[in-house]
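# Descriptive structure summary
So the chains spell out like this:
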Amino acid sequence: MKLRLIGQANHTGIGTHFGGFVRALRLARPDLDVETTDPYDLASVQAAVLTSDDRDVNICWTAHSIPALRGRMIQWVPFETTRIPNYIAGPLRAADEVWTMTDWGAQVLQQNGFDQVTVMPQGVDPYAAAGPPRDDRVRFLMVAKYEQRKGILESLEAWAATLANDHRYCLTIKTHAIHSDQGYAQLIDEIKRLNIENYEVYWGVMGEADLIQLYQRCQVFLAPTYAEGWGRPIMEAAAIGLPIISTQWSAHGEWLTTIGDSVRWVDYDVVPVSDRDYELAYGHETDWGVWAQPRVDSLASQLSHAVMDLAELTERALANRSVILDRFSWTRVVDQTLLRLELI
């Protein structure tokens, strides 16, 4: 029997999950016959099909359908919307099992007609804790793609209303655009429109080591997201011991409750999904369901409260590192996966 892992290790959220799981599995169980298949590489897919066997177990992270691949097919999928888009729904219907990361995700799948769903979380690496500030400024960090869903524009408005141009504080944004070449110019134009001076922007893909150092140089993590399928950057920030400002909705809102005393919750309005990036990436579907639009006034209030309570929040966040690193370690995720597959 072969365990075939279908995905691509890269800088994206799902790519990072895939790479982390592959490394942890091979470390924990070198005795297993583990093969990786890149679904975006035709030669890799063809080789997998040719060598596949009815006894194989195939786990796919990317909702690809490979009809000629023999063996048991498991789709392990994240998603942010309350309606499952067609590009995901088709491969899920063809799968032998469907896994997702949280109870919220399982509930959404069940509401979309998928009755048998297994909850299997993702993991996080044991990063070192955040250190003391590199200067006298308190940095609020955002790590997110430049798209509507991530709440970057709401964050800028809330920052402008509270901490803008108070140089004791800095808004640090690490971002990049996938579907637009105009993202950087749009972001800088918005910052200038709001007359924000105390900011820094890191644009483009950043290597893992540099990204983790950026987390470690900051004091608060800002994530007023509309919705997440898991929330990798938020979990990385929690694993490093940063207090978090976020919405309590979708997948990330579920696991963040395990460290709720170091989280500041942002109020939101449930609104229909409308996002140009989704249209560009997935086609012009008319109904994506709903998600949580953060309220700027609530976000501004939580920024102010985080400043006032920073010492206490930081102490709690550092204590809560152990909760995240225990519950969501890659070792535990691998053990849960193999137990489900009856391989241990």
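The present account deals with the structure reproduced in this document. (Residues numbered from 1 in each chain as written. Predicted model: local features only at pLDDT ≥ 70, side-chain atom pairs only at ≥ 80, totals over all residues. Heavy atoms only, no water.)

## Quick word on the sheet that holds strand β9 (residues 199–203)
Pairing in this open sheet of 6 strands is parallel, and the strands run β9-β8-β7-β10-β11-β12 from one edge to the other. Strands at the two margins of the open sheet, each flanked by one partner only, are β9 and β12 (263–266). Shown here is a sheet whose adjacent strand axes are inclined to one another by a mean of 20°, direction ignored. Two elements, strand β7 (residues 138–145) and strand β10 (residues 220–223), share 2 bridges in a ladder whose sense is parallel. Counterpart to F140 in the pairing with β10 is V220. Set on the sheet, helix α11 (residues 296–308) makes contact with β7, β8 (169–176), β10, β11 (244–247) and β12; between it and β12 the angle comes to about 160°. (Pairing = 2+ DSSP bridges. Helix = DSSP H or I, 4+ residues; strand = E, 2+ residues; numbered from the N terminus. Axes fitted to C-alpha atoms, helices over the stretch in contact; angles between N-to-C directions. Contact = heavy atoms within 4.5 Å.)

## Thoughts on unusual backbone geometry
Even without glycine at this site, A63 takes up a positive phi of about 55°. Mapped onto the secondary structure, A63 falls in the loop between β3 (57–60) and β4 (72–76). Overall, the relative accessible area of 9% leaves A63 in the buried class. The phi dihedral of N195 is positive, around 60°, even though this residue is not glycine. (Buried < 20%, exposed > 50% of the residue type's maximum accessible area, 1.4 Å probe, protein only.)

## Observations regarding the packing of aromatic side chains
With the rule as written, the count across this model stands at 16 aromatic pairs. Ring centres of Y215 and F221 lie 5.9 Å apart, and the angle between their planes is 35°; on these two criteria the pair is classed as tilted. Of the two residues examined, Y215 and F221, each falls in the buried class. One aromatic cluster is present, built from ring pairs that chain together F18, F21, W61, W76, W99 and W330. (Phe/Tyr/Trp six-rings, centres within 6.5 Å; stacked < 30°, edge-to-face > 60°.)

## Thoughts on the side chain of R321
Take R321: it is sitting in helix α12 (residues 310–327). The buried charged residue R321 lacks any salt bridge, with D125 as its nearest oppositely charged partner at 12 Å. One polar contact links the side chain of R321 to the main-chain carbonyl oxygen of Y127, over a distance of 2.6 Å. Once you skip the residues sitting within four places of it in the chain, R321 turns out to touch Y127, A128, A129, A238, A239, I240 and G241. (Lys, Arg positive; Asp, Glu negative; His and termini not counted. Salt bridge = Lys/Arg side-chain N within 4 Å of Asp/Glu carboxyl O. Polar contact = N/O pair within 3.5 Å; in protein donor to acceptor, adjacent residues only side chain to side chain.)

## Quick notes on the packing of helix α7 (residues 208–217) against helix α8 (residues 232–240)
At their nearest, the axes of α7 and α8 sit 10 Å apart, and the two run at 60° to each other. Classified by the angle their axes make, α7 and α8 are oblique. Handedness of the α7/α8 crossing: right-handed. Across the interface between the two elements, L211, I212, Y215 and Q216 from α7 touch R232, P233, E236, A237 and I240 from α8. Along the lines of polarity and charge, the residues of the contact of α7 with α8 split into 6 nonpolar, 1 polar and 2 charged. (Parallel < 35°, antiparallel > 145°, perpendicular 65-115°, else oblique. Left-handed = near helix turned anticlockwise from the far one by under 90°. Nonpolar A, V, L, I, M, F, W, Y, C, P; charged D, E, K, R; others polar.)

## Examining the pattern of salt bridges
Applying the stated rule across the entire model yields 20 salt bridges. For E228, the salt bridge identified is with K150, shortest N-O distance 2.8 Å. One end of the pair, E228, is in the loop between β10 and α8; the other, K150, is in the loop between β7 and α5 (152–162), and 78 residues separate them in sequence. For E228, a relative accessible area of 8% gives the class buried. Between R295 and D269 there is a salt bridge whose closest N-O contact spans 2.8 Å. Taken as a pair, R295 in the loop between β14 (290–294) and α11 and D269 in strand β13 (residues 268–272) lie far apart in primary sequence, 26 residues in all. Accessibility expressed as a relative area gives 33% for D269, which makes it partly exposed. What emerges from the salt-bridge pattern is a single network uniting E80, E147, R149, K150 and E228.

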